[in-house]
Each structure stands twice: as C-alpha cells, then as structure tokens.
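# An overview of the molecular structure
Each chain is listed here by its residues.
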Amino acid sequence: SAVISQKPSRDICQRGTSLTIQCQVDSQVTMMFWYRQQPGQSLTLIATANQGSEATYESGFVIDKFPISRPNLTFSTLTVSNMSPEDSSIYLCSVEDRATQETQYFGPGTRLLVL
Amino acid sequence: SQKIEQNSEALNIQEGKTATLTCNYTNYSPAYLQWYRQDPGRGPVFLLLIRENEKEKRKERLKVTFDTTLKQSLFHITASQPADSATYLCALDQGGSYIPTFGRGTSLIVHP
C-alpha cells in the first residue's frame, strides 16, 4: 500500500491567481497521476507525471494551465494557473499499486473554490 | 463513444439489507473492472478488482459480478451497515496501463 498526503486540503482563491498543490508519497513510485473531480462528475485524469521527464497530459488539459513538477520519486506538484470559477473542483493525486500495477492509491484531495 | 454509467440517484436501504449497485458500460472491452469507495472529503479507496474472465469475486461482505456479454458489473454489500454509507465508483481498464476510467459513482445511504 501507499500513504499519500496533499497540501493544502482546501483553499479559496481569487480569479486570475494560481495555486500549487503538493503531493507526497511515503514510498518511491514511478508514476504519479493528477485527477480533477468536479461536483457530481467522475474523476478525470489531468496528467501522468514521471520522474525525470515531462508530464503527459490528457486531451483537454495543457501544460500552461496545469504545470506539473516531479522532482523525485516521492513528490509532485500541480499548479492551477490563472484560475477561473470553472476550476473550482477537487484535485486528487494518485499512484499505482507497485505490487499489482492494476489499482491505484489516492490522496485525500484538495478542495479548491475560485471566486 | 465510450461510456460508463452508474445510477446517479442515491440508493437508500435499511440496515441489514443487501445493497446492489450497478455499473454499465458501452464501447469498452475492459481487461478488468474495479470498485472504489469514496467518503466525503476523501480520495477513493480501492475495494475489489474483477477480471474479464472472472464471473464473481468476493471479499468479506462484498461481492462483485462481471458480465461481459451484458457489459455490466453488479456490486453487492450484504448485511449493510450505516458505516457503509458512501459513494461507490466503478472503474474500467482496458489493460496495458495503470490508468482506469471512472464512472460518476452512486451514493449509498444505509439507514439504521
């Protein structure tokens, strides 16, 4: 298993500002994933972050809006840039189960409200 | 287009009864299907995984079935308890990746 923490747990931000979300894992992992979960919606994958390489973004998400860092095997950050109210959501990071590589462990999420 | 459907209406049941949640999908050929539990303010927690060649999987009070002909999975909680109240998400993976696609989830409310 893996224990994942995220900071901040929640925030209220003004339109046009940026917020950086941190994700820390208690063990070394190859891939980390960032998801968005809007109210009443399913989890949507934003990007996959591998250590030592550029993140891979899913359709509809771009690096300028959601820059990601992955400086080592236990840590990643996601920045939500130039925020608008439409960015209000829960942002979750996750890692794969190293043993099975079939399931994921999720962090507690960051609840973001943009005014 | 690919679609995963879970009942958007909350399922309300009495304590002790069996809760049954449904996950239907179209235009997928999943190698396996997973069920997760999500509590308010928390990230999803993995519960069970069932492969395409398996009909049924059990874990304690949980049972999952997988019918690739009907393109449907059923998730059962027997002897339900108020502590089982949560949102349950199904997720499909077509294999070869660590990245499943999630449904919207169904809220389960177990009344004492």
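For the structure itself, consult the block above.
Just so you know, these numbers come straight off a predicted model, no measurement behind them.

All names here are of chain A. Counted under the stated rule, the structure contains 2 disulfides over all chains. The disulfide partner of Cys23 is Cys93, and the gap between their sulfur atoms is 1.9 Å. Between Cys23 and Cys93, the S-S torsion sits near 70 degrees, and that sign places the bridge as right-handed. Here the residue Cys23 occupies a position in strand β3 (residues 19-25), and Cys93 occupies one in strand β9 (residues 89-96), the gap between them amounting to 70 residues.

Another aspect to go through is the layout of surface pockets. Roughly 520 Å³ of internal volume is contained in the largest pocket. Surrounding the largest pocket, 28 residues form its lining, Gln37, Gln38, Pro39, Gly40 and Ile90 of chain A being those nearest its centre. When contributions to the lining of the largest pocket are tallied by element, the ones reaching two or more residues are β2 (10-13), β9 and β11 (110-114) of chain A together with β9 (86-93) and β11 (106-111) of chain B. For the lining of the largest pocket, the class distribution of residues is 7 nonpolar, 15 polar and 6 charged. Quantified by volume, the second largest pocket comes out at close to 230 Å³. Of all the secondary structure elements, the ones that give two or more residues to the lining of the second largest pocket are β10 (104-106) of chain A together with β4 (32-38) and β5 (45-51) of chain B. With 3 residues, the top contributor of residues to the lining of the second largest pocket is β10 of chain A. A per-class count over the lining of the second largest pocket returns 9 nonpolar, 5 polar and 3 charged.

Time to look at the interface of chain A and chain B. Counting residues at the interface gives 20 residues for chain A, matched by 19 residues for chain B. Interface area for chain A against chain B, summed over the two sides, is near 1600 Å², with a carbon-plus-sulfur share of 56%. At the surface where chain A touches chain B, the tally comes to 0 salt bridges. Between the two partners, chain A and chain B, sit 2 residue pairs in polar contact (both at pLDDT 80 or more).

Residues and elements named next belong to chain B. In space, the 5 strands of this open sheet follow the order β1-β3-β8-β7-β6, with antiparallel pairing throughout. Edge positions in the sheet fall to β1 (3-6) and β6 (56-59), since each of these pairs with one other strand and no more. Neighbour-to-neighbour, the strand axes of the sheet open up by a mean angle of 15 degrees, direction not taken into account. In this structure, strand β7 (residues 62-67) lies alongside strand β8 (residues 72-77), joined through 6 bridges in antiparallel fashion. Within the sheet, the bridge partner assigned to Thr65 lies in β8 and is Leu74.

Cut-offs applied
Residues numbered from 1 in each chain as written. Chains lettered and ligands numbered in written order. Predicted model: local features only at pLDDT ≥ 70, side-chain atom pairs only at ≥ 80, totals over all residues. Heavy atoms only, no water. Disulfide = S-S within 2.5 Å. Helix = DSSP H or I, 4+ residues; strand = E, 2+ residues; numbered from the N terminus. 1 Å grid on protein atoms, 1.4 Å probe; cavity = no way out; pocket = protein on both sides within 12 Å on 5 of 7 lines; lining within 4 Å. Points joined across faces, edges and corners; volume = space filled by probe spheres on them. Nonpolar A, V, L, I, M, F, W, Y, C, P; charged D, E, K, R; others polar. Contact = heavy atoms within 4.5 Å. Buried area = accessible area lost by both parts, 1.4 Å probe. Salt bridge = Lys/Arg side-chain N within 4 Å of Asp/Glu carboxyl O. Polar contact = N/O pair within 3.5 Å; in protein donor to acceptor, adjacent residues only side chain to side chain. Pairing = 2+ DSSP bridges. Axes fitted to C-alpha atoms, helices over the stretch in contact; angles between N-to-C directions.

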